[in-house]
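# Notes for the structure review
For reference, the chains in residue letters:
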Amino acid sequence: MDALTKPTTETIQDTFPINGTDYIEFYVGNAKQAAHYYQTAFGFKLIAYRGPETGVKDTASYVLQQDKIRFVLTAALTPDHEVARHVLKHGDGVKVLALWVDDAEGAHRIAIERGAKSFAEPQRIEDKNGHVVTASIHTYGETIHTFVERSSYAGPFLPGFVAMESPMEVEPIGLKYVDHCVGNVELGQMNEWVKFYQDVMGFKLLVTFDDKDISTKYTALMSKVVSNGNGYIKFPINEPAQGLKKSQIEEYLDYYRSAGVQHIAIATNDIIHTVDELRRRGVDFLRVPDTYYDTVLERVGEINESLQELKRLNILIDRDDEGYLLQIFTKPVQDRPTVFYEIIQREGARSFGKGNFKALFEAIEREQELRGTL
Ligand code: FE2
């Protein structure tokens, strides 16, 4: 397997155009409290709500926004609801990676023709603010993609949601947009899902990492990155690889009980400010040893940021042919060691931080050791 490090610059022919990520929906045990965490810790503003007060009796959903990022947090109000079943099995996790398209019915039809499995047929939903068309297909595990066509809608989120403001002062921390969303799939399934994104969605294979790129003394994983035509949607897909001990991907699969979203990378223009704020607000991060900073500049060359500040915040640095990037990874944000976040600042580089993999995976293994799952 070739280990490419540079994304292709070839023009990609989209099967159907995707404008960007529309929203990411999490199914959680307690949406009200989760919404508080994303407001206080991550600086998202509450913008909309749907629940019993708006006529929906069995779920409550909070919609949070920061710049171009929209998160929806949904909880069930009854034990036999699909959302409750999902949370019982997977814990809090990502259910929907919604994609913003110009023609949801067309995107759904083409995806089905090309082999996708339908989750929800196209439907037109409307309220006094206009109408939206949505349609959904299955992807890995129990995760789905919802196509959202919203050119005729002026409301706060989707029809049925009412505008709602944060009950307290919320200070944004500079989170700009979703850079990439990573899925963990079962052993042997990575190529199947890469093929799915190529065949069904017309995505292009950008990068391949094999176990030589991503392994430590004990554990390994393999990863391929697919992207749509405009490059706004990037989906790395990981699978575990043979190692002496349990791979971090296997640990995820054991706890999530299926394939699913592993991490969401969020872009910032000022990672020092963003991470300083996240730390001050109680978000915890994976830690690489201070010795990482002794030699890092020999590897990455000159950067604009203060190395001392990057070291203080434990932010990682990598470089490719096009520039450099700064990145850091949170610890899992729920009790199960499943979903976590990456914060990334790109200074020209379009790659994924390959030079940091070893230091990072050793940091993850130290956490696994503490959980007794290595
Ligand atoms: Fe990432």
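Residues numbered from 1 in each chain as written. Predicted model: local features only at pLDDT ≥ 70, side-chain atom pairs only at ≥ 80, totals over all residues. Heavy atoms only, no water.

Glancing now at the side chain of His 263. When you line up the elements, His 263 lands in strand S14 (residues 260-268). For His 263, a relative accessible area of 8% corresponds to the buried category. Of note is the side chain of His 263, whose polar atom sits 2.8 Å from the side chain of Gln 262. Separated by 3.0 Å, the side chains of His 263 and Glu 342 make a polar contact. (Helix = DSSP H or I, 4+ residues; strand = E, 2+ residues; numbered from the N terminus. Buried < 20%, exposed > 50% of the residue type's maximum accessible area, 1.4 Å probe, protein only. Polar contact = N/O pair within 3.5 Å; in protein donor to acceptor, adjacent residues only side chain to side chain.)

Moving on, we get to the side chain of Thr 373. With respect to the secondary-structure elements, Thr 373 resides in the segment after helix H9 (357-371). A distance of 2.4 Å separates polar atoms of two side chains, one belonging to Thr 373 and the other to Glu 251. Not counting chain neighbours up to four residues away, the residues in contact with Thr 373 comprise Lys 246, Glu 251, Tyr 255 and Gln 368. (Contact = heavy atoms within 4.5 Å.)

On to the domain arrangement of the protein chain. Domain boundaries assigned for the protein chain yield domain 1 (18-163) and domain 2 (174-371). For domain 1 versus domain 2, the separation of C-alpha centres amounts to 25 Å. Taken together, both faces of the contact between domain 1 and domain 2 bury some 3,200 Å²; the carbon and sulfur share is 64%. By the criterion of area lost to domain 2, the three top residues of domain 1 are Phe 42, His 90 and Tyr 140, representing 21% of everything that side buries. (Domains from an automatic or database assignment. Buried area = accessible area lost by both parts, 1.4 Å probe.)

For the rest of this paragraph, the subject is the layout of surface pockets. A volume near 500 Å³ is recorded for the second largest pocket. Around the second largest pocket, the lining is made up of 24 residues, and of these Tyr 23, Glu 25, Tyr 27, Arg 50 and Gln 123 lie nearest the centre. At the level of secondary structure, the elements contributing two or more residues to the lining of the second largest pocket comprise strand S1 (20-27), strand S4 (69-76), helix H2 (82-90), strand S5 (93-100), strand S6 (118-127), strand S7 (130-138) and strand S8 (144-149). The greatest single-element share of the lining of the second largest pocket, amounting to four residues, is contributed by S6. Class assignment for the residues of the lining of the second largest pocket results in 14 nonpolar, six polar and four charged. (1 Å grid on protein atoms, 1.4 Å probe; cavity = no way out; pocket = protein on both sides within 12 Å on 5 of 7 lines; lining within 4 Å. Points joined across faces, edges and corners; volume = space filled by probe spheres on them. Nonpolar A, V, L, I, M, F, W, Y, C, P; charged D, E, K, R; others polar.)

Looking now at helix H7 (residues 292-300). Along H7, the positions that sit buried rather than exposed are Tyr 292, Tyr 293, Val 296 and Val 300. With its buried residues spanning 70 degrees around the axis, H7 presents them on a single face. Structural note: H7 exposes Asp 294 and Glu 298 on the side pointing more than 90 degrees away from its buried face. At its buried positions, H7 is contacted by helix H8 (307-313), strand S15 (316-320) and H9. (Arc of directions from axis to C-beta.)

Time to look at the coordination of the iron ion. Within the first shell, the iron ion binds the protein through His 180 (NE2), His 263 (NE2) and Glu 342 (OE), at distances of 2.0 to 2.2 Å. Each donor residue of the iron ion belongs to the same chain, with the gaps between them written as H-x82-H-x78-E. Remark: Glu 342 occurs in strand S17 (residues 340-347) and His 180 occurs in strand S10 (residues 175-184); sequence separation between them is 162 residues. We classify Glu 342 as buried; its relative accessible area is 2%. (Donors = N, O, S within 2.8 Å, 3.2 Å for Na, K, Ca; no water.)

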